[in-house]
Amino acid sequence: MSEMPTPAGPWTQSIRLAFYALLGLTLLAAASWLFSNIRQVPADSRAVVLHFGALQRVAEPGLLLSWPKPVDEVVMVPAPDRVIEHRVSALLRSPEALHADMRDDNNSDALAGSGYLLTGDAGVVQLDISVFYRVNNPEQYVLQGEHVIPALDRLVERAAVAVCAGRDLDTILVARPEMVSNETNLAGQRERLRSDVQRNIEQNLQRLAQAGSSPGITLERVTVQSTLPATTVAAFNAVLTASQKASQAIATASTDASVIRQKATQQADQTRQAAQAQAREKVAKAEADTAMITRLANAPHDPDLLARVYRERMAAILAQAASVITVSPQDDANLILQAAGQKEPSSK
């Protein structure tokens with residue numbers, strides 16, 4: 001009769017189970033590593049395969065089969081029809097400078113000039129630029145790697161400095177309130193500013209490509225937004241407010257002057273009409289008072305009648321005087337007639 005096998009002890013079973021578990025994990029890890037670079041390339045991307053650090057191929061969207069690391073390294077890059085937006089933060093005012101502006105503490109020249117560009121007429125302006133680009137050469141893009149964005153920032157900064165130095169402040173943005181009405185010209189100036197910045201960046205990208213240092217991107221478009229420093233904006237707003245108030249005061253003064261002129265014209269018309277009416281009234285009264293004398297003088301009547309009427313009228317007129325001196329035209333004798341209530345004067 002054969003002997004039955006002796007059952008393993010608990011420690012032996014534990015060691016065996018641990019070995020099998022470790023073997024399974026090792027096989028699972030090996031399978032995961034072996035199939036780690038078998039992936040799906042998205043439709044908006046491409047895959048650049050590096051074999052031991054050297055460029056091997058570019059995989060289009062779809063299933064990618066490649067050796068795992070460190071044999072092959074797969075780098076995903078945007079597809080050629082995908083437009084990427086990048087805002088150049090280097091042209092913006094730094095957080096330290098903004099904090100110093102809030103505290104009115106700009107003792108440092110670096111903080112005082114941070115984020116500002118000098119114009120051709122010694123003005124100061126700030127440009128907020130965003131670039132839109134495509135990856136046209138994935139190999140060059142992967143070789144440049146993390147240097148693509150810093151290089152693009154430097155190109156944009158250089159273009160912004162060159163464009164601003166060749167223009168005055170008024171052609172970059174509306175720096176005077178009286179220029180606001182010319183919207184067509186201003187739109188053309190802004191478009192020329194944007195196109196000049198884009199042309200400068202494209203020329204620099206071409207120079208890098210000719211020198212063998214192309215970042216592998218092509219510029220699609222550029223957006224440029226120009227602003228003034230906060231203190232300058234406040235000053236221009238004050239000037240605009242003062243101009244508006246001055247225009248309002250001028251309009252009010254013109255209205256008041258028109259009202260006063262109308263009133264003066266009305267008063268002058270009333271005074272002239274009153275004077276003319278009084279003159280006509282006095283002329284009419286004088287004509288009425290002398291109507292009898294005029295008719296007697298023009299009528300062929302007795303001259304003695306005219307003399308008698310004259311004496312009657314003259315007596316009434318002379319009675320109202322305090323004293324009357326009559327002089328004879330034939331000699332130098334004069335007669336002083338006594339008025340009512342006076343002593344009898346001497347006569348000569």
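Refer to the structure printed above.
The sections below set out a description of the structure shown in this document. Everything numeric in this text was worked out from a predicted model, so none of it was measured.

### A closer look at the overall build of the protein
Part 1: The secondary structure content of the protein amounts to 10 helices and 11 strands.
Part 2: For the protein, with 348 residues in total, the buried portion stands at 24%.
Part 3: Contacts in the protein between residues far apart in sequence, at least 24 positions, make up 62% of those at least 6 positions apart.

### Considering the pairing of strand 6 (residues 84-87)
Part 1: In strand 6, alternate side chains face the same way, and those of Ile84 and His86 are buried while those of Glu85 and Arg87 on the opposite face are not.
Part 2: Note that strand 6 and strand 8 (residues 124-135) share 4 bridges and pair antiparallel. When the sheet's bridge partners are listed, Glu85 is paired in strand 8 with Phe132.

### Here we look at the environment of Ala209
Part 1: Mapped onto the secondary structure, Ala209 falls in helix 7 (residues 183-210).
Part 2: Separated by 69 residues in sequence, Ala209 and Gln140 have C-alpha atoms that sit 9.8 Å apart.

### So, the nonpolar core
Part 1: Core analysis: the biggest nonpolar cluster contains 34 residues, and Ile129, Val131, Val156 and Ile201 have the highest contact counts within it.
Part 2: Of all the elements in the fold, those that place two or more residues in this core are strand 2 (45-51), strand 8, helix 4 (138-144), helix 5 (148-165), helix 6 (169-172), helix 7 and strand 9 (217-227).
Part 3: If you tally residues by element for this core, the top one is helix 5, at 8 residues.
Part 4: The residues contacting Ile201, other than those within four sequence positions of it, are Val131, Leu155, Val156, Ala159, Leu219 and Val222.

### Considering a nonpolar patch on the surface
Part 1: Taken together, the side chains of Trp33, Leu34, Phe35, Ile38, Leu63, Leu65 and Trp67 present a nonpolar region at the surface, about 780 Å² in accessible area.
Part 2: When you line up the elements, Trp67 lands in the loop between strand 4 (62-64) and strand 5 (72-78).

Calculation notes
Residues numbered from 1 in each chain as written. Predicted model: local features only at pLDDT ≥ 70, side-chain atom pairs only at ≥ 80, totals over all residues. Heavy atoms only, no water. Helix = DSSP H or I, 4+ residues; strand = E, 2+ residues; numbered from the N terminus. Buried < 20%, exposed > 50% of the residue type's maximum accessible area, 1.4 Å probe, protein only. Contact = heavy atoms within 4.5 Å. Pairing = 2+ DSSP bridges. Core = buried A, V, L, I, M, F, W, Y, C linked by side-chain atoms within 4.5 Å. Patch = residues over 30% accessible without salt bridge, like charges linked within 9 Å, V, L, I, M, F, W, Y side chains within 5 Å. Areas by Shrake-Rupley, 256 points an atom, 1.4 Å probe, with all protein chains shown as cover. Salt bridge = Lys/Arg side-chain N within 4 Å of Asp/Glu carboxyl O.

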